[in-house]
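Structural overview for review
Residues per chain, in single letters:
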Amino acid sequence: LAIETGRFQGVKLEERLCIFCNSGAVEDEVHFLFDCSLYNDLREEFFNTVIVTNPNFIYESFEEQLKILFSDHHRKLAKFIKKSYLKRKATLYA
């Protein structure tokens with residue numbers, strides 16, 4: 001993510017923007033997991049599986065959603081991250 005790669009390249013925090021969507025947002029973990037439009041299809045599929053056991057998930061704060069994902073759905077989260085990485089890689093090197 002640009003939040004990390006930018007740190008090593010000396011890029012100012014506010015300039016570590018997502019290159020995959022037009023939001024103008026810093027590409028950090030929250031943007032990646034919840035906002036970036038590149039991953040909308042994967043995120044929808046993933047969140048639909050989470051909502052089955054946590055119906056109020058979409059109404060929770062980001063912090064609470066992260067707690068739910070890391071504590072109750074860590075395997076599904078890992079699969080989402082892997083699929084997202086492959087999609088990201090395909091988009092970058094297409």
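Preceding block: the structure.
Just so it is clear, the model here is predicted, and its values are computed rather than measured. (Residues numbered from 1 in each chain as written. Predicted model: local features only at pLDDT ≥ 70, side-chain atom pairs only at ≥ 80, totals over all residues. Heavy atoms only, no water.)

Secondary structure assignment for the protein chain yields 5 helices and 0 strands. Taken along the three principal axes of its C-alpha coordinates, the protein chain extends 40 × 30 × 20 Å. Considering the protein chain as a whole, with its 94 residues, one finds that 32% of them fall into the buried category. Across the protein chain, the fraction of contacts at a sequence separation of at least 24, relative to all contacts at a separation of at least 6, is 42%. (Helix = DSSP H or I, 4+ residues; strand = E, 2+ residues; numbered from the N terminus. Buried < 20%, exposed > 50% of the residue type's maximum accessible area, 1.4 Å probe, protein only. Contact = heavy atoms within 4.5 Å.)

On to the nonpolar core. Membership of the largest hydrophobic core comes to 18 residues, with the highest contact counts inside it found for Cys36, Tyr39, Phe46, Leu69 and Phe80. For this core, the elements supplying multiple residues, two or more each, are α2 (29-35), α3 (40-53), α4 (62-72) and α5 (74-92). Per-element tally for this core: the top contributor is α3, with 4 residues. Leaving out residues up to four positions away in the same chain, Tyr39 has contacts with Phe20, Phe32, Phe80, Ser84 and Arg88. (Core = buried A, V, L, I, M, F, W, Y, C linked by side-chain atoms within 4.5 Å.)

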